Amino acid sequence: MSKQTALLILFLGFCPVLLAHPALDVMDELRLGNPDQEVKVMTEIRLYKKGELESQRDYEVYVGSNRRSLVLFRSQAEAGQKMLMLDDQYWLFMPSSRRPLRITPMQKLLGEASSGDLSSLRWKDDYTVISEKQEGQKRVLELEAARSGVTYTRVELLVDSDSLHPQQADFYLQSGRLAREAEFMLEERQGRPVISGMKLQDRIQTNEQTLILYHSSEPVDIPERWFNPAFLSRETL
C-alpha cells in the first residue's frame with residue numbers, strides 16, 4: 001500500500017459525515033416503505049390561508065429508480081396534467097398541448113408545495129449530511145444538496161436521537177434565505193411508523209400554510225415508457 005493510499009484511508013476514517021447517513025435511510029423508509037423499490041404514493045396537498053382551507057388537490061406519485069418520478073394530477077381542476085422528473089430535469093404536460101413545458105423544482109403546484117417537494121421523495125439521493133450535533137434528546141443534521149436540481153440547497157433537519165425519526169426541518173435557498181419550515185407528521189400503519197405528512201410554513205409569505213399528506217405507499221412495477229416524454233405527450237394515464 002502506498003503512503004498516499006494509506007493517508008486517504010485514514011482521512012476517510014475520520015470523515016463519517018461525508019458518507020451515507022442512517023437518518024436519511026430512515027427518512028426514505030418512513031415515506032416509501034422499501035426505498036429501493038419502485039412505489040406509488042397517493043398524495044394530497046391542502047392549502048390554508050389565515051387558518052382556513054383555501055384549496056385541495058390529489059396526486060398519484062410514481063417514484064422510480066435513478067431519480068425518476070412521474071406525478072399524475074387527479075383532481076378535477078387539474079385533470080389530465082402530468083409532471084415528469086428525470087434526474088435534474090422537470091417537465092409539465094398539459095392536456096391542451098403536445099409540447100411539454102420545462103419547469104424548475106421550485107415551480108409552485110399548490111401553496112408552498114413545489115414540484116420538487118412532490119416528486120423528490122428519496123432524501124439519500126438528494127442530500128449529504130455534512131455536520132451533526134447533539135441537542136438533548138435530539139440531533140441536528142446539516143444537509144447539503146448532492147446535485148444541482150434539488151429543490152433546496154441546504155436543510156437543517158431535527159431528528160430523534162434514538163429512532164432517527166424526523167421532527168422538523170428548515171429549508172434554505174441558494175441565496176441563504178430561509179424559505180420554509182416543515183413539521184413532520186408521523187403515525188403507525190399496519191404495525192410500523194410512517195411519515196403521514198408534512199406541514200409547510202412559508203417564511204416569505206407567512207400567512208400561508210400547506211399540508212402535504214401521504215395517504216398510502218405501495219410497491220409497483222412502473223412501465224419504462226412512462227418515463228419517456230414523447231410517450232407522455234400523446235397518451236392519457
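Look a little higher up for the structure.
Owing to the predicted nature of the structure, the values given are computational and were not obtained by experimental measurement.

Undergrad: In this structure, what is going on with the nonpolar core? I would like to understand it.
TA: When a protein is soluble and globular, its nonpolar side chains tend to lie buried together. Within the largest apolar cluster, 45 residues are counted, with the highest numbers of intra-cluster contacts made by Tyr59, Val61, Trp123, Leu143, Val155, Leu157 and Phe184. A total of six residues in this core trace back to one element, the largest contributor, which is helix H2 (residues 22-32). Here valine 61 is in contact with Val39, Lys40, Val41, Thr43, Leu70, Val71, Leu118 and Leu121, once residues within four sequence places are set aside. Counting residues in each nonpolar core, the second largest holds twelve residues, with Leu72, Leu84, Trp226 and Phe227 among its members.

Undergrad: Just checking my understanding: could you explain unusual backbone geometry for this structure?
TA: Note: most peptide bonds trans; most residues except glycine with negative phi. Positive phi is not limited to glycine here, since lysine 50 has a value of about 55°. Note on placement: lysine 50 falls in the loop between strand S1 (39-49) and strand S2 (52-63). Phi angles above zero are rare outside glycine, and aspartate 87 is one such case at about 60°. Structurally, aspartate 87 is set in the loop between strand S4 (82-86) and strand S5 (89-93). When its relative accessible area of 36% is taken as the criterion, aspartate 87 is described as partly exposed.

Undergrad: Honestly, the layout of surface pockets in this entry has me stumped. Any pointers?
TA: Leftover empty space is mapped by rolling, across the atoms, a probe with the size of a water molecule. In this structure, the largest pocket encloses a volume near 240 Å³. Around the largest pocket, the lining comprises 15 residues; the ones closest to its centre are Gln168, Ala169, Asp170, Glu181 and Ala182. Those elements that provide at least two residues to the lining of the largest pocket are strand S9 (127-135), strand S11 (154-160), strand S12 (166-172), strand S13 (178-189) and strand S14 (192-202). Considering only residue class, the lining of the largest pocket consists of five nonpolar, three polar and seven charged. In this structure, the second largest pocket occupies an estimated 200 Å³ of space. Together, Leu30, Arg31, Val41, Arg189, Gln190, Arg192, Val194, Ile195, Tyr214, Ser216 and Ser217 line the second largest pocket.

Undergrad: Would you take a moment to explain the pattern of salt bridges for this structure?
TA: Once the charged atoms of two side chains with opposite charge are near each other, the side chains can pair. For the structure shown, the criterion picks out 20 salt bridges. In this structure, aspartate 25 and lysine 124 form a salt bridge, with 4.0 Å as the shortest nitrogen-oxygen distance. One end of the pair, aspartate 25, is in helix H2; the other, lysine 124, is in helix H4 (residues 123-126), and 99 residues separate them in sequence. One salt bridge in this structure joins arginine 203 and glutamate 181, with 2.9 Å as the shortest N-O distance. With arginine 203 in the loop between S14 and strand S15 (208-219) and glutamate 181 in strand S13, the pair connects residues that are 22 residues apart, well separated along the chain. Residue classification places arginine 203 among the partly exposed positions, given a relative accessible area of 36%.

What counts as what
- Residues numbered from 1 in each chain as written.
- Predicted model: local features only at pLDDT ≥ 70, side-chain atom pairs only at ≥ 80, totals over all residues.
- Heavy atoms only, no water.
- Core = buried A, V, L, I, M, F, W, Y, C linked by side-chain atoms within 4.5 Å.
- Buried < 20%, exposed > 50% of the residue type's maximum accessible area, 1.4 Å probe, protein only.
- Helix = DSSP H or I, 4+ residues; strand = E, 2+ residues; numbered from the N terminus.
- Contact = heavy atoms within 4.5 Å.
- 1 Å grid on protein atoms, 1.4 Å probe; cavity = no way out; pocket = protein on both sides within 12 Å on 5 of 7 lines; lining within 4 Å.
- Points joined across faces, edges and corners; volume = space filled by probe spheres on them.
- Nonpolar A, V, L, I, M, F, W, Y, C, P; charged D, E, K, R; others polar.
- Salt bridge = Lys/Arg side-chain N within 4 Å of Asp/Glu carboxyl O.

Coordinates in, geometry out; function isn't part of it.
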